[in-house]
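Summary of the model geometry
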Amino acid sequence: MVSETVRKIEGLLSEAVDLQKDCVKRICVECESPCCSRVHYLFNEKDILFLKLSGRKSRWRRELFTRKGCWFVGDQGCTLDPGSRPFICHTYICDNLKMDMIRCDSGLPALLEGKFKIIGEMRSQLWAEYLDEKI
Ligand code: SF4
Ligand code: SF4
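Quick look at the structure, then. These numbers were taken from a predicted model, which means no experiment stands behind them. (Residues numbered from 1 in each chain as written. Chains lettered and ligands numbered in written order. Predicted model: local features only at pLDDT ≥ 70, side-chain atom pairs only at ≥ 80, totals over all residues.)

Before going further, it helps to spend a moment on the overall build of the chain. The secondary structure content of the chain amounts to five helices and two strands. Its helices and strands in sequence order give the chain the pattern α-α-β-β-α-α-α, from N to C terminus. Its C-alpha atoms give the chain a radius of gyration of 16 Å, near enough to 14 Å, the size a compact globule of 135 residues would have. Dimensions of the chain, computed from the C-alpha atoms along their principal axes, are close to 50 × 40 × 15 Å. Across the chain, every contact between residues at least 6 apart in sequence was considered, and the portion connecting residues at least 24 apart equals 85%. (Helix = DSSP H or I, 4+ residues; strand = E, 2+ residues; numbered from the N terminus. Rg over C-alpha atoms; globule rule 2.2 N^0.38 Å. Contact = placed C-beta atoms within 7 Å.)

Laid out in structure tokens, this is it:
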């Protein structure tokens, strides 16, 4: 069921954010070339479907994106709540961040990878459930 899958994805995303947050705080604030300032429009159709079905605000319209760097990056980092970010923003872990994770807990990258795999599968499931409900 769509609403149940949305809730599960939200829960897993929040777990993934919690697992990364200490390393992100330590490494990303010191980063000299933040990934968020090197990208542009990152939302794909699965992100948008998830955002719509989870009742989040429609801030992802492509026409808003006219300057270099992500529209949502602010002085303190990302201005979107974690659940509203494109999925790739959760899964992208640069080498520096990964090295810090390994320093803190060598099993952390694999743990995160496992969670991202499940979230990816659930995002595909959400598509199928959404289309089935439309029939
Ligand atoms: S993920 Fe890597 S590139 Fe992106 S802000 Fe953090 S340290 Fe910088
Ligand atoms: S949505 Fe947020 S985390 Fe993703 S690139 Fe933009 S500022 Fe960075």
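Next up on the list: the site of ligand 1. Neighbouring ligand 1 are Ile27, Cys28, Cys31, Pro34, Cys35, Cys94, Asn96 and Leu97. For the shell around ligand 1, the per-class residue count stands at seven nonpolar, one polar and no charged. (Near = placed C-beta within 6 Å. Nonpolar A, V, L, I, M, F, W, Y, C, P; charged D, E, K, R; others polar.)

Quick look at the site of ligand 2 now. As a matter of local geometry, ligand 2 sits amid Cys36, Val39, Leu42, Cys70, Phe72, Val73, Cys78, Leu80, Arg85, Pro86 and Cys89. The residue inventory of the shell around ligand 2, partitioned by class, reads ten nonpolar, no polar and one charged.

Every α-helix carries 3.6 residues per turn, so stepping three or four residues along brings you back to the same face. The terminal C-alpha atoms of helix H1 (residues 2-27) lie 36 Å apart, and with 26 residues this matches the ideal 38 Å at 1.5 Å per residue to within 8%. The principal kink in H1, of about 45 degrees, is found at glutamine 20. For H1, the set of buried residues is Val6, Ile9, Leu13, Ala16 and Cys23. (Expected span 1.5 Å × (residues − 1). Bend = angle between axes of the 7 residues up to and from the residue. Buried ≥ 20, exposed ≤ 12 C-beta atoms within 10 Å, placed from the backbone.)

Formed by Val6, Ile9, Leu13, Ala16, Phe50, Leu51, Ile119 and Leu126, the largest nonpolar core amounts to eight residues. Among the secondary structure elements, those contributing two or more residues to this core are H1, helix H2 (45-53) and helix H5 (108-134). Here this core gets four residues from one element, more than from any other, and that element is H1. In this view, isoleucine 9 contacts Phe50, Ile119, Met122, Arg123 and Leu126; residues no more than four positions away in its chain are not counted. (Core = buried A, V, L, I, M, F, W, Y, C linked by C-beta atoms within 7 Å.)

Two elements in contact, H1 and helix H4 (residues 95-104), have axes whose closest approach is 10 Å; the angle formed by their N-to-C orientations is 125 degrees. The pairing of H1 with H4 is recorded here as oblique in orientation. Remark: the crossing between H1 and H4 carries right-handed chirality. Facing Cys23, Val24, Arg26 and Ile27 of H1, the residues of H4 in contact are Asn96, Leu97, Asp100, Met101 and Cys104. (Axes fitted to C-alpha atoms, helices over the stretch in contact; angles between N-to-C directions. Parallel < 35°, antiparallel > 145°, perpendicular 65-115°, else oblique. Left-handed = near helix turned anticlockwise from the far one by under 90°.)

The next subject is the environment of leucine 111. Structurally, leucine 111 is set in helix H5. Each C-alpha atom, one on leucine 111 and one on aspartate 100, is 15 Å from the other, the two residues being eleven residues apart in sequence.

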